[in-house]
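These are the residues of each chain, in order.
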Amino acid sequence: MTTRHDTAASPVKGGAAPGRPPGGRGAAEADRKRAKLSRRWQRDIRWSPYAFVSPFFLLFVAFGLFPLIYTGWASLHTVELTAPTDMKWTGLDNYTRIFDDDFFWNAAKNTLWIGIISTVPQLLMAMGLAHILNYKLRASTFYRVVMLAPYATSIAAASLVFVLLFGRDYGMINWVLDLVGLDKIDWQNGSWASKFAVSSIVIWRWTGYNALIYLAAMQAIPQDLYESAALDGASRWRQFIHVTLPSLRPTILFTVVVSTIGASQVFGEPLLFDANKGASGGSQHQFQTLGLYLYEQGWVNQHLGRASAIAWAMFLILIVIGILNAVISRRLRASS
Amino acid sequence: MTTTMTKPPADAAPDPSRKGRGRRGSKSSRAGGHLHAGPIAYIILALFTIGSLFPLVWTAIAASRDNQRLAQTPPPFWFGGNLFDKLEIAWNDANLGEAFLNTTIVAGISAFTIVFLSTIAGFAFAKLRFRGRNALMLIVIGTMMVPPQLSIIPLYMMVAKLDWSDQLQAVILPSLVNAFGVFFMRQYLLQALPDEIIEAARVDGASSWRVVWHVVFPAARPAMAVLGMLMFVQSWNDFLWPFLVLTQNGSPTVQVALAGLGRGYTPDQSLIMAGALLGTLPLLLVFAIFGKQIVGGIMQGAVKG
């Protein structure tokens, strides 16, 4: 390897021609050989980039794009789980069905609320945490790794533990509430309590990860911005508002987009939060998300066609959110 | 070897947002980095540390107690004596041995393939010139915005048609679509692989494939290792899709086996915790050993994200 580097380091001028012609042979033969090599070379230069990126696109078409479009097709059919390849055309029936279903709107509302309750505090805490981690710290690597431990924990394992911690009668959290003189809370059956509990699993798993992303962006801010702000007499808080936050805007946008997509997908946490209610998301469907509703329609009620319609409805909602997001961030950029 | 290759040569274009290596040395010049943290910062950090670790520690505590003890107040705060018995029962009851084997196979193949494909694609996007490069890269980033949940129904139909339920390839194949990996390797190779080295190899008559094999792979090795670990973790923890196509008594992954533990009307809570602990331990171990590298990798992938 080192030798390769050494040869690489020596500058070779005018070296577009590959394949050195072997010395001491007939000029014509060398020319022919060079021409042949050169053709192969041209082909290689021209096509190998496509060869290198094609596996990704082939896989995406097969397991991403095609299924996405086919979901739209399936949403116009009656498809039973027991015979998934047997499709009967129904037009828009599946859509009218789910839009008439109160549980769909309930699930949409739950997804929105759980998304807000889990994303907003998560990103705010991550920002604060990143700010602290950006100070000169003793054992800074230790904190960073520890913050990532929840990320290493699976949804299933985390949810099972939180179910116990949030237990109504013997859970740790209610015990603490009782200790400080507050009423115990029925975390599984309360409408807001259960949404909060489910969100807390998401918050626990992702705060540290997002903090690291913010920290990386903070460390990339050039120091002289702070120095000139300090010269202008800006306090540390004003530096944070006027230097740190604007520099972090692309990163913040990125985390908001990723968290929004993540929030629209929440599935495992509510499924396992009341394992015996399963797909219904609590006795009153109080924490049934759209992901869970899709699963219930498709795999419990065995209507894959209807489940496809839910998937496409989710897709459309995401597109609307994406457009809103783009508009808002453009406005913000224009105003500053 | 690794040390010589990880260091980007001095003549590489200086990139202000580059970090990862040399962080320690340049930290004092970073924003806020020149300020020492006060006691309040340490108190907040201590609280976050406890918050991050407590559920995990308590999993072990609950797993070491018996079920009756968990149905009493106050909840236990220290370890009981049943830990290893419970771990053994959970291991056998939840079919965890097979689940571990399956998950290792799935996560291993998936991580390896993603790293390989992402490196060659990332190299092409970072260092090769070809028509439509920018448009294709935009598409790659765009695919990150499509949630996998939207594709599960046709995938499920495919699995049914091919008779692949309870077969590991049903989980492995869809997991190979990974735009993050391509993006991650592209960002790394942009700054870690100087054009001069590629040109020199070209002058020596190396084909593109030889360049990949002898120049790109050695230069990308640190990033490949980090991406491999991230993908392994992601695949190990993947829940929805394995849950749909694998069954608990067929060939479950760890997550599918864990989900099965929570069911039943009188679940044995300490047994569930023992299972959760077993399912999490391998990854916690990986993070304890390679934590620093993983943190560096996440932070590196985040810049310009």
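Residues numbered from 1 in each chain as written. Chains lettered and ligands numbered in written order. Predicted model: local features only at pLDDT ≥ 70, side-chain atom pairs only at ≥ 80, totals over all residues.

A closer look at the overall build of chain A
Keep this limit in mind: A helix here means a DSSP run of H or I that spans at least four residues, while a strand means a run of E at least two residues long, and both kinds are numbered starting from the N terminus. The globule rule is 2.2 Å times the number of residues to the power 0.38, and the radius of gyration it is compared with is taken over C-alpha atoms. With C-beta atoms placed from the backbone, a residue is labelled by how many other C-beta atoms lie within 10 Å of its own: buried for 20 or more, exposed for 12 or fewer, partly exposed between the two.
A tally of regular secondary structure across chain A gives 15 helices and 2 strands. For chain A, the C-alpha radius of gyration of 28 Å lies well beyond 20 Å, the compact-globule estimate for 336 residues. Structurally, chain A occupies a C-alpha span of about 95 × 70 × 40 Å along its principal axes. Scored against the burial criterion, the 336 residues of chain A give a buried share of 40%.

Quick notes on the overall build of chain B
Within chain B, the secondary structure is distributed over 15 helices and 0 strands. The proportion of buried residues among the 305 residues of chain B is 47%.

Topic: unusual backbone geometry
Positive phi is not limited to glycine here, since Q302 of chain A has a value of about 65 degrees. The class for Q302 of chain A is partly exposed, based on 15 C-beta atoms found within 10 Å. Here D163 of chain B, not a glycine, exhibits a phi torsion of approximately 60 degrees, which is positive. A count of 9 C-beta atoms within 10 Å places D163 of chain B in the exposed class.

Comments concerning the interface of chain A and chain B
We apply this condition: Any pair of residues counts as being in contact when their C-beta atoms, constructed from backbone geometry, are within 7 Å of one another. Amino acids outside the nonpolar list (Ala, Val, Leu, Ile, Met, Phe, Trp, Tyr, Cys, Pro) and the charged list (Asp, Glu, Lys, Arg) are all regarded as polar, and Gly is one of them.
Tallying the contact residues gives 96 residues for chain A and 102 residues for chain B. Considering only residue class, the side of chain A that touches chain B consists of 66 nonpolar, 25 polar and 5 charged.

Side note on the environment of G291 of chain A
Along the chain, G291 of chain A falls in helix 14 (residues 290-300). As a C-alpha pair, G291 of chain A and V53 of chain A span 238 residues in sequence and 32 Å in three-dimensional space.

A closer look at the pairing of strand 1 (residues 77-80) of chain A
What counts, and what does not: Think of it this way: DSSP has to see at least two bridges between two strands before they count as a pair.
As judged from the 4 bridges shared by strand 1 of chain A and strand 2 (residues 83-89) of chain A, these two strands associate in the antiparallel manner. Bridge pairing links T78 of chain A to K88 of chain A in strand 2 of chain A.

Description of the domain arrangement of chain A
One widely used convention gives an interface's size as the accessible area the parts lose upon coming together. Worth spelling out the cut-off: Each domain's extent is set by a domain assignment, obtained either automatically or from a database.
The domain architecture assigned to chain A consists of domain 1 (27-74) and domain 2 (103-335). Each of domain 1 of chain A and domain 2 of chain A has a C-alpha centre, and these two points are 40 Å apart.

Things to note about the packing of helix 6 (residues 96-127) of chain B against helix 10 (residues 179-192) of chain B
Two quantities define a packed helix pair, namely the angle between the axes and the distance from one axis to the other. Residue and element names in this part refer to chain B. Applicable threshold: With axes taken as lines fitted to C-alpha atoms, and helix axes fitted only over the stretch in contact, angles between N-to-C directions fall between 0 and 180 degrees. Orientation is classified from the angle alone, with under 35 degrees giving roughly parallel, over 145 giving roughly antiparallel, 65 to 115 giving roughly perpendicular, and any other angle giving oblique. Here is the rule for handedness: rotate from the far helix to the near one, and if that takes an anticlockwise turn smaller than a right angle the crossing is left-handed, while a clockwise turn gives right-handed.
Where helix 6 meets helix 10, the closest approach of the two axes is 7 Å, and the angle between their N-to-C directions is 50 degrees. The angle between helix 6 and helix 10 falls in the class oblique. In terms of crossing hand, the pair formed by helix 6 and helix 10 is right-handed. In this structure, helix 6 uses I114, V115, S118, T119, A121, G122, F123, F125, A126 and K127 to contact helix 10, whose residues at the interface are G181, V182, F184, M185, R186, L189 and L190.

Remarks on the environment of L173 of chain B
Residues and elements named next belong to chain B. Tracing the sequence through the fold places L173 in helix 9 (residues 169-175). Overall, L173 belongs to the partly exposed group, with 19 C-beta atoms counted inside 10 Å. Along the sequence, L173 and S110 sit 63 residues apart, while their C-alpha atoms lie 7.9 Å from each other.

Brief notes about helix 12 (residues 249-264) of chain A
What counts here: Multiplying 1.5 Å by the helix residue count minus one yields the expected span of that helix.
Given a rise of 1.5 Å per residue, 16 residues ought to cover 22 Å, and the 22 Å separating the end C-alpha atoms of helix 12 of chain A matches this to within 8%. Summarising the contacts, the buried residues of helix 12 of chain A are in contact with helix 4 (102-133), helix 9 (191-219), helix 14 and helix 15 (304-335) of chain A.

Let's talk about the confidence of the model for chain A
All names here are of chain A. Which entries qualify depends on this criterion: As a per-residue measure, pLDDT tells how confident the predictor is, with possible values from 0 to 100.
Residues at a pLDDT of 70 or more form 92% of chain A, whose mean pLDDT is 85. Per-element mean pLDDT across chain A ranges from 37 in helix 1 (residues 2-9) up to 94 in helix 4. The low-confidence segment residues 1-22 (pLDDT under 50) makes 25 contacts with residues lying over four places distant or belonging to another chain.

A look at the packing of helix 10 of chain B against helix 12 (residues 208-237) of chain B
Residue and element names in this part refer to chain B. Two numbers describe how helix 10 lies on helix 12: the axes approach to 10 Å, and their chain directions differ by 145 degrees. In the packing of helix 10 onto helix 12, the handedness of the crossing is right-handed. Each of G181, F184, M185, Y188, L189 and A192 in helix 10 lies in contact with helix 12, whose residues at this interface are V216, A219, A220, A223, L227 and M231. A class-by-class count of the residues in the contact of helix 10 with helix 12 yields 11 nonpolar, 1 polar and no charged.

Focus on the environment of F103 of chain A
Positionally, F103 of chain A belongs in helix 4. For the pair formed by F103 of chain A and Y293 of chain A, sequence separation is 190 residues and the distance between their alpha carbons is 7.9 Å.

Let's talk about the confidence of the model for chain B
Summary statistics for chain B give a mean pLDDT of 82 and a share of 86% for residues scoring 70 or more. For this predicted complex, the interface score ipTM comes out at 0.82, alongside a pTM of 0.84.

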